There are 2 protein chains.
Amino acid sequence: MTNPTAAMIVIGDEILSGRTRDANMHHLAGVLTEHAIDLKEVRVISDDPAAITSAVSAMSDAYTYVFTSGGIGPTHDDITADCVAAAFDDHIDVRPDARKLLADYYAETGRELNDARLRMARIPDSATLIENPVSIAPGFVVKNVHVMAGVPSVFKAMVQSVLPTLTGGAPLISETHRCMRGEGDIAAPLGQIADEFPNLSIGSYPFQQDGVYGTNIVVRGTDPSEIKRAIEKIAYAEANLG
Amino acid sequence: MTNPTAAMIVIGDEILSGRTRDANMHHLAGVLTEHAIDLKEVRVISDDPAAITSAVSAMSDAYTYVFTSGGIGPTHDDITADCVAAAFDDHIDVRPDARKLLADYYAETGRELNDARLRMARIPDSATLIENPVSIAPGFVVKNVHVMAGVPSVFKAMVQSVLPTLTGGAPLISETHRCMRGEGDIAAPLGQIADEFPNLSIGSYPFQQDGVYGTNIVVRGTDPSEIKRAIEKIAYAEANLG
C-alpha cells in the first residue's frame, strides 16, 4: 500500500529575493511525515498570477493533497485566493461567512474593517474555510488544495486546523545508524543492502565531527522488523570494512 | 531591460521528509539578487530519476540559468549527474580530468579511491567542471545547468566558483520604509502607489513589535530616483492615514 502524496506551493517574492528565509516548508514536511503523507515536491514561485494558477492546476492533478503558503493578506500583492479560484474556474468575491469572522474580530479589537482588510474575506464559492485562531482571517480548501497564510505562526495554526481532515497512510518508521566511516567507505555495501530491501528507503548523510568523517544512515519504512534487519546488515557491513 | 532569470532545483528526500532544513535556497537567493539575476522559481524534488530529468529539461528551457543542489555524492542515491546527462542526451562516465582530481586528493589524504568514490568522477562528456575547494569532488555545468553539491559548505564554495561566469543585469536597489501601521491600514494607498510605479516592485511584510502591528514596505527597482519618489509617497500616505 502506498501513502497519500502531497505537494506544497510557497508563494512569495520575498523568499526568492533572499529577503526572508522560508520556515513553512520545513514545518509542513515534518508534520506530513509524522502523518504518513509523502511530500513529493515543493515549488517556490513568485507573486505572478500565471505562475500561481498553473502551479495550482498542475499539482492539484498530480498529488493527493496540495498546500499553499503565502499571498492571502490585505495588500495589492496578495493574489493567491483569486488565482486559486481562477485555476478551478470558480467564482470569487467577499463571502458573508468570512466577512462576519473579520467584522466580529475587528469590532472586538477596535480596528477598522476597511476595503483592504475585506480582501481577506475573498473566498471562492466552493471553498471550505480553514480556521485561523491567531489572526482570524481564514484560509480555505478548494478540492484538494489547502490555501494558507505565509506568516509562520498563522501557517502552523492552519496546518493544525486541517490535519484532522487529512487521511494518512501507514505510519512511517525511521531508524538511524551512526556510522563512523566516510560516505565513500560505506557506499558500496550500502548500495547492495538498498537493493536487497526495495520496500525501504535508505539515505546516507555525511557529517564531520572532531575532524573525523562519519555518515548517518537513515532507514525508513513501514515494517519494523524489516528495518531492524537492514540496520543489522549495515552495522555488520561497517564492522567488516577494510 | 530585464534581468537574466534563474531557477533552482533542490534534490533531496531528506528535505521533503523534514529531516534536514534546506539552507542552500536562501543562500543562492541572496547571492543572485546581489548580482541582479532574478530567481523566479525553486523546486524541491525527491531522489527520483524521472522527477529530476523532467525538472532539469523544463527549467533549462524556461530560464537563463539553472542551479541544482544535491545528489552528487558517492552513494546509491546520488543520481543527479546521470539524470542531468539523460536530460540532455549526453553520454556520461568516469571522466579522466575528474578522476585525476580525486586520485590526487585521496592519495594526499591517505584514503582509498574506491568504486563508490569514483562515482563522483562521473561527468557528462559536454560538461565543464566546477571547482570544489572544500572536498575536491567537482560540480559541473551542462548548457545553462549548474550541478552542485547539497552539503552547504560545498554548495557555497561552488556558487563562488561559478559566479564570475554569470552575466548579471542592472543592479537591483532596494529601500525599506518602516511603517508603524498594520498592513490593512496602509494597503489601499500602497496599491495605488504600486499602480503609479509599474517599474518598481513594492512588497509589504507585516511585523509585530511590543504589541504594535507594523509593516515593512520594501521598494525594489533599478532607478534610485524613482525608488526615492515612491518611498516619499508611501511616507506621505502613512502620515495622512485616518
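This report concerns the structure included in the present document. (Residues numbered from 1 in each chain as written. Chains lettered and ligands numbered in written order. Predicted model: local features only at pLDDT ≥ 70, side-chain atom pairs only at ≥ 80, totals over all residues.)

### A short note on the overall build of chain A
We count it as follows: Numbered from the N terminus, helices here are DSSP runs of H or I no shorter than four residues, and strands are runs of E no shorter than two. In this treatment the radius of gyration is a C-alpha quantity, and the globule benchmark scales as 2.2 Å times the residue count to the 0.38 power. Residues are defined as contacting one another if the C-beta atoms placed from their backbone atoms lie within 7 Å.
Counting its regular elements, chain A contains nine helices and eleven strands. Against the compact-globule benchmark of 18 Å for 242 residues, chain A has a radius of gyration of 22 Å, which places it well outside the compact range. Once local pairs closer than 6 in sequence are excluded, the contacts in chain A between residues at least 24 apart make up 68%.

### Section: the interface of chain A and chain B
Rules: Just so you know the grouping, Ala, Val, Leu, Ile, Met, Phe, Trp, Tyr, Cys and Pro go in nonpolar, Asp, Glu, Lys and Arg go in charged, and all remaining residues, Gly too, go in polar. Pairing between two strands is assigned when DSSP locates at least 2 bridges connecting them.
The interface of chain A with chain B comprises 45 residues on the first partner and 45 residues on the second. Taken together, the elements giving at least two residues each to the side of chain A that touches chain B come down to α1 (13-16), α2 (24-34), β2 (38-45), α6 (115-118), α8 (183-196) and β10 (201-209) of chain A. Taken together, the residues of the side of chain A that touches chain B sort by class into 17 nonpolar, 16 polar and twelve charged. Examined bridge by bridge, β2 of chain A and strand β2 (residues 38-45) of chain B share five bridges and lie antiparallel to one another. The partner of E41 of chain A across the bridge, within β2 of chain B, is I45 of chain B.

### Points about helix α4 (residues 80-87) of chain A
What counts, and what does not: With C-beta atoms placed from the backbone, the exposure class of a residue follows from how many other C-beta atoms lie within 10 Å of its own: 20 or more, buried; 12 or fewer, exposed; in between, partly exposed.
Burial analysis of α4 of chain A places six of its eight residues in the buried class, which makes it a mostly covered element. Regarding α4 of chain A, the residues found buried are T80, A81, C83, V84, A85 and A87 of chain A.

### Some remarks on the sheet that holds strand β11 (residues 212-221) of chain A
All names here are of chain A. Applied cut-off: Geometry is summarised by axes, namely lines fitted to C-alpha atoms with helices restricted to the contacting stretch, and by angles between N-to-C directions that run from 0 to 180 degrees.
Ordered by their spatial adjacency, three strands build an open sheet running β9-β11-β10, and the pairing between neighbours is antiparallel. Whereas interior strands pair on both sides, the edge strands pair on one side only; in this sheet they are β9 (173-179) and β10. For this sheet the average axis-to-axis angle between neighbouring strands, irrespective of direction, equals 20 degrees. Pairing of β10 with β11, which is carried by nine bridges, proceeds in the antiparallel orientation. Its bridge partner being in β11, Y205 is matched across the sheet by N216. The strands touched by α8 are β9, β10 and β11; relative to β10, the strand with the most contacts, the crossing angle is about 170 degrees.

### Some words on the relation of the copies chain A and chain B
Stated formally: A least-squares superposition brings the copies together, and it is based on the C-alpha atoms of residues with pLDDT no lower than 70 in both.
Between chain A and chain B, which share one sequence, the superposing operator has a rotation angle of 180 degrees and an axial displacement of 0.0 Å; the RMSD is 0.0 Å. Taken together, the rotation angle and the small translation identify this as a two-fold axis. Within chain A, the C-alpha atom positioned nearest to the axis of rotation is that of R43 of chain A, 2.2 Å from it. Counting the interface residues of chain A, we find that 100% of their copies in chain B are interface residues as well, pointing to one common contact surface.

### A short note on the packing of α8 of chain A against helix α9 (residues 224-239) of chain A
Residues and elements named next belong to chain A. So the rule is basically this: Should an angle lie under 35 degrees it is considered roughly parallel, over 145 roughly antiparallel, and from 65 to 115 roughly perpendicular; all remaining angles are considered oblique. Should the near helix be turned anticlockwise from the far one by less than a right angle, the crossing is left-handed, and should it be turned clockwise, the crossing is right-handed.
Where α8 meets α9, the axes come as close as 10 Å, and the angle between the chain directions of the two elements is 155 degrees. Classified by the angle their axes make, α8 and α9 are roughly antiparallel. For the crossing formed where α8 meets α9, the hand is right-handed. On α9, the residues touching I186, P189, L190 and I193 of α8 are A230, K233, I234, A237 and E238. Per-class residue counts for the contact of α8 with α9 are seven nonpolar, no polar and two charged.

### Section: the sheet that holds strand β8 (residues 145-148) of chain B
An order of β6(A)-β7(A)-β8(A)-β3(A)-β1(A)-β2(A)-β2(B)-β1(B)-β3(B)-β8(B)-β7(B)-β6(B) is seen for the twelve strands of this open sheet, with the pairing classed as mixed. Looking along the sheet, the strands with just one partner apiece sit at the ends: β6 (128-130) of chain A together with β6 (128-130) of chain B. The mean inter-strand angle of the sheet, taken between neighbouring strand axes irrespective of direction, is 20 degrees. Across three bridges, the pairing between β6 of chain A and strand β7 (residues 139-142) of chain A is antiparallel.

### Let's talk about the pairing of strand β3 (residues 65-69) of chain A
Residues and elements named next belong to chain A. Taken across its five residues, β3 has five buried, putting it largely inside the fold. Covered by surrounding structure in β3 are Y65, F67 and S69 together with V66 and T68, the residues of both alternating faces. The pairing of strand β1 (residues 5-11) with β3 spans five bridges and is parallel. In the strand pairing of β3, M8 is matched with F67.

### A look at unusual backbone geometry
Phi is positive for I136 of chain A, which is not a glycine, with a value near 70 degrees. In this fold, I136 of chain A is placed in the loop between β6 and β7. Residues other than glycine seldom take positive phi values, yet A36 of chain B does so here, at roughly 60 degrees. We classify A36 of chain B as partly exposed; it has 16 C-beta atoms within 10 Å.

### Some thoughts on the packing of helix α2 (residues 24-34) of chain B against helix α7 (residues 152-162) of chain B
All names here are of chain B. Relative to each other, α2 and α7 sit at 20 degrees, their axes nearing to 10 Å. As summarised for this structure, α2 and α7 are arranged roughly parallel, according to the angle between their axes. Of the two possible hands of crossing, α2 and α7 adopt the one that is right-handed. Across the interface between the two elements, N24, H27, L28 and V31 of α2 pack against P152, F155, K156 and V159 of α7.

### Section: the environment of T128 of chain B
Residue and element names in this part refer to chain B. Inspection of the secondary structure assignment puts T128 in strand β6. With 13 C-beta atoms counted inside 10 Å, the residue T128 sits in the partly exposed group. Separated by eleven residues in the primary sequence, T128 and G139 have C-alpha atoms spaced 8.6 Å apart. Apart from the residues lying within four places of it in its own chain, the contact partners of T128 are F140 and V141.

### Some words on the environment of A121 of chain A
Residue and element names in this part refer to chain A. Here A121 lies in the loop between α6 and β5 (122-124). Residue classification places A121 among the buried positions, given that 22 C-beta atoms sit within 10 Å. Distance from A121 to L101, taken between C-alpha atoms, is 8.6 Å for residues 20 residues apart in sequence. For A121, the contacting residues outside a window of four places in its chain are V94, R95, A98, R99 and L102.

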